[in-house]
Amino acid sequence: MKVSEFKTAGKLITGLGAIKALADEMTRLGIKDCAVVTDKGVSSSGLLEQVLALLPYPPLHIIDDIPPEPAVNIIEAKLNDLRENKVDGIIALGGGSAIDSAKVLAATYDHSGSISKLFGENTLSERRLPLIVIPTTAGTGSEVTNIAILSDPKAQMKKGIVSHCLLPDVAIVAPEMTKTCPPSITAASGIDAFVHALEAYISVNASPITDALAEKALKLIFNSLVHAYNNGENLAAREDMATGSLMAGLAFGNAGVGAVHALAYPLGGRFHLSHGMSNAVMLPHVLKVNAPFCQDKLYCVAKLLKVCERHHSKDEAIKLLLIAIEKLCRDVDIPASLTPFNISSSCVGELAEEASKVTRLLRNNPKQLSIEEIEDIYRLAF
Ligand SMILES: NC(=O)c1ccc[n+]([C@@H]2O[C@H](COP(=O)([O-])OP(=O)(O)OC[C@H]3O[C@@H](n4cnc5c(N)ncnc54)[C@H](O)[C@@H]3O)[C@@H](O)[C@H]2O)c1
Ligand SMILES: [Fe+2]
């Protein structure tokens, strides 16, 4: 067995009503004058008000306008505003966009220099501000990962900052916080979570621990996403999705994600497709190319998700799995191709060139892809 390290947030508090632990956790971490980081969609859904009512002291600063898929220059401006306030902790409330922004703000509060210089791995050494995160989507798993993803408008790319400093002190995963999530966000972020579990499971860095987490996450998400999509008030489905996306985050935060994510990045950076949507559209196409290189793992997934019968061969079971995944995407109204997004197939060469630079993720993929193979996958997506 290979030596591996398991990274997660300092403490996980989960389950319906977990949000009530917020005040105690702030006291434990010595947070009195906090900044709350969220976005307009989350605040207009009433969640911000709900969380503000739980704080032991009023917040010193509120950032409530983090845009979806935030750009690095916007976070730099927010950091300047934040530094004018002597805050002693950060509470993030939102989906991956608000959480990633808060992770970067907390880690760079005492850091001089521009945030765009921090893209890459281990570029930060210390975070002094305590950080509590509360996800409202299910989701990115960002509450337990050491990654923050920002758009780099100059490079027209989504880029990651990877550092132990980005692991939150506390993640509070309260499924009721996702009830107001609109169906389209439930679908895209839910498929993103499914991709996290699947890519972690077939990653070359998978371990028995990440496999166990990924298997449970795959089952929970596969069986609940459509129910959460069709009826946002279905609390049982929301609970399974919240747990599934958390477990998927724990799996991929340690085993990594692969080519689906690498090929999704340029779609976000160049064409502003959301992270969830770009992953969801690329998933079936990348999986077809990966399948021969992770047959045993995909066979396990097919059996786990009960999409095949005992008499089916391994090949047949994998075909049935691919059909079931395409159906899952269809059932939550995710387009099967890039055509509805007004992306021209003439961009395939540029997209492939950009995706091929995401070596941080491509190296986790069960098949090492050449730039020509990446181009072929994009062509399949038109
Ligand atoms: N750090 C990581 O490990 C990691 C992993 C995957 C994705 N990401 C990043 O996360 C971002 C995407 O995050 P996301 O998919 O969670 O979406 P998001 O945070 O961008 O939110 C999408 C929209 O949904 C709204 N919303 C979120 N929760 C809501 C709720 N409960 N009620 C009403 N509206 C709600 C928001 O206001 C926003 O308009 C991308 O930038 C992506 O790159 C990070
Ligand atoms: Fe993702």
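By the naming in an unreviewed UniProt entry, the protein goes by Iron-dependent family alcohol dehydrogenase and is assigned to Alteromonas mediterranea. The heading Cofactor (unreviewed entry) in the UniProt record of the protein holds the text "Fe cation". In its Sequence similarities (unreviewed entry) section, the UniProt entry covering the protein states "Belongs to the iron-containing alcohol dehydrogenase family."

Looking at the site of ligand 1
For ligand 1, the set of nearby residues contains 30 residues, the closest of which are Asp39, Gly96, Ser97, Thr137 and Thr145. Within the side chain of Asp39, a nitrogen or oxygen atom sits 2.6 Å from an oxygen atom of ligand 1. With respect to ligand 1, the side chain of Ser142 contributes an N or O atom lying 3.3 Å from a nitrogen atom. Compared with its free state, where it exposes 860 Å², ligand 1 has 92% of that area covered by protein. Those elements that place two or more of their residues in the shell around ligand 1 are helix H2 (40–44), helix H5 (96–108), strand E7 (147–152) and helix H6 (183–202). The class makeup of the residues in the shell around ligand 1 is ten nonpolar, 14 polar and six charged.

Brief notes about the coordination of the iron ion (ligand 2)
Surrounding the iron ion (ligand 2) are the protein donor atoms Asp192 (OD), His196 (NE2), His261 (NE2) and His275 (NE2), at 2.1 Å. Taken together, the four donor atoms coordinating the iron ion (ligand 2) span angles of 88 to 156 degrees at the metal, a pattern that classifies the geometry as irregular. In primary sequence terms, the donor set of the iron ion (ligand 2) follows D-x3-H-x64-H-x13-H. A residue pair is termed a helical-turn pair when its members lie 3 or 4 positions apart in one helix, as Asp192 and His196 do in helix H6 at four residues. Taking the relative accessible area as the measure of exposure, Asp192 reaches 1% and is therefore buried.

Some thoughts on the UniProt feature "domain: Fe-containing alcohol dehydrogenase-like C-terminal" (unreviewed entry) in the protein
In the UniProt entry, the feature "domain: Fe-containing alcohol dehydrogenase-like C-terminal" (unreviewed entry) is given for residues 186–381. Each end of residues 186–381 is marked by a C-alpha atom, and these two atoms are 22 Å apart; helix forms 71% of the span and strand 0%.

Some points on the nonpolar core
Counting residues in hydrophobic clusters, the biggest one holds 118 residues, and the most contacted among them are Ile90, Ile191, Phe194, Leu263 and Met282. By residue number, the principal contributor to this core is helix H7 (residues 208–230), which donates eleven residues. Beyond its immediate chain neighbours, meaning those up to four positions away, Ile191 contacts Leu225, Ala280, Leu283, Leu328, Cys329, Val332 and Ile334. In terms of nonpolar packing, the next biggest core, distinct from the first, is built from 21 residues, Met26, Cys34, Ile91 and Ile172 among them.

Things to note about the pattern of salt bridges
In a structure, side chains of opposite charge can pair up when their charged atoms sit close to one another. Inspection of the entire model under this criterion finds 19 salt bridges. Its salt-bridge partner being Arg28, residue Glu25 comes within 2.7 Å of it at the nearest N-O pair. With Glu25 and Arg28 both in helix H1 (residues 22–28), this residue pair falls three residues apart, about one helical turn. Its relative accessible area of 6% is what places Glu25 among the buried residues. Since its relative accessible area comes to 47%, Arg28 is described here as partly exposed.

Let's talk about the domain arrangement of the protein
Domain parsing of the protein yields domain 1 (11–178) and domain 2 (183–380). One C-alpha centre belongs to domain 1, the other to domain 2, and the line joining them spans 25 Å. Taken together, the 25 residues of domain 1 in the interface contact 29 residues of domain 2. For the pair domain 1 and domain 2, the summed buried area comes to about 2200 Å², and 64% of that belongs to carbon and sulfur atoms.

Structural notes on the sheet that holds strand E8 (residues 157–162)
Sheet strands line up and pair through hydrogen bonds in the backbone, either parallel or antiparallel. One open sheet accounts for three strands, arranged E5-E8-E7; its pairing is mixed. Every other strand in the sheet has two partners, leaving strand E5 (120–121) and E7 as the edge strands with one partner each. Where E7 and E8 come together, six bridges link them in antiparallel fashion. Looking at E8, one finds that Leu150 is bridged to Lys159.

Re the packing of helix H9 (residues 259–271) against helix H10 (residues 275–290)
H10 packs onto H9 with a crossing angle of 135 degrees between their chain directions and a minimal axis gap of 8 Å. By the criterion of interaxial angle, the relationship of H9 to H10 is oblique. Note that H9 runs across H10; the crossing there is right-handed. Across the interface between the two elements, Ala259, Val260, His261, Leu263, Ala264, Tyr265, Leu267 and Gly268 of H9 pack against His275, Ser278, Asn279, Met282, Leu283 and Val286 of H10. Residue composition of the contact of H9 with H10, by class: nine nonpolar, five polar and no charged.

Each value, and the rule that gives it
- Residues numbered from 1 in each chain as written.
- Chains lettered and ligands numbered in written order.
- Predicted model: local features only at pLDDT ≥ 70, side-chain atom pairs only at ≥ 80, totals over all residues.
- Heavy atoms only, no water.
- UniProt positions renumbered as here; feature names shortened; annotations may be inferred.
- Near = heavy atom within 4 Å.
- Polar contact = N/O pair within 3.5 Å; in protein donor to acceptor, adjacent residues only side chain to side chain.
- Areas by Shrake-Rupley, 256 points an atom, 1.4 Å probe, with all protein chains shown as cover.
- Helix = DSSP H or I, 4+ residues; strand = E, 2+ residues; numbered from the N terminus.
- Nonpolar A, V, L, I, M, F, W, Y, C, P; charged D, E, K, R; others polar.
- Donors = N, O, S within 2.8 Å, 3.2 Å for Na, K, Ca; no water.
- Tetrahedral: all angles 85-135°; square planar, octahedral: opposite > 155°, others 65-115°.
- Buried < 20%, exposed > 50% of the residue type's maximum accessible area, 1.4 Å probe, protein only.
- Core = buried A, V, L, I, M, F, W, Y, C linked by side-chain atoms within 4.5 Å.
- Contact = heavy atoms within 4.5 Å.
- Salt bridge = Lys/Arg side-chain N within 4 Å of Asp/Glu carboxyl O.
- Domains from an automatic or database assignment.
- Buried area = accessible area lost by both parts, 1.4 Å probe.
- Pairing = 2+ DSSP bridges.
- Axes fitted to C-alpha atoms, helices over the stretch in contact; angles between N-to-C directions.
- Parallel < 35°, antiparallel > 145°, perpendicular 65-115°, else oblique.
- Left-handed = near helix turned anticlockwise from the far one by under 90°.

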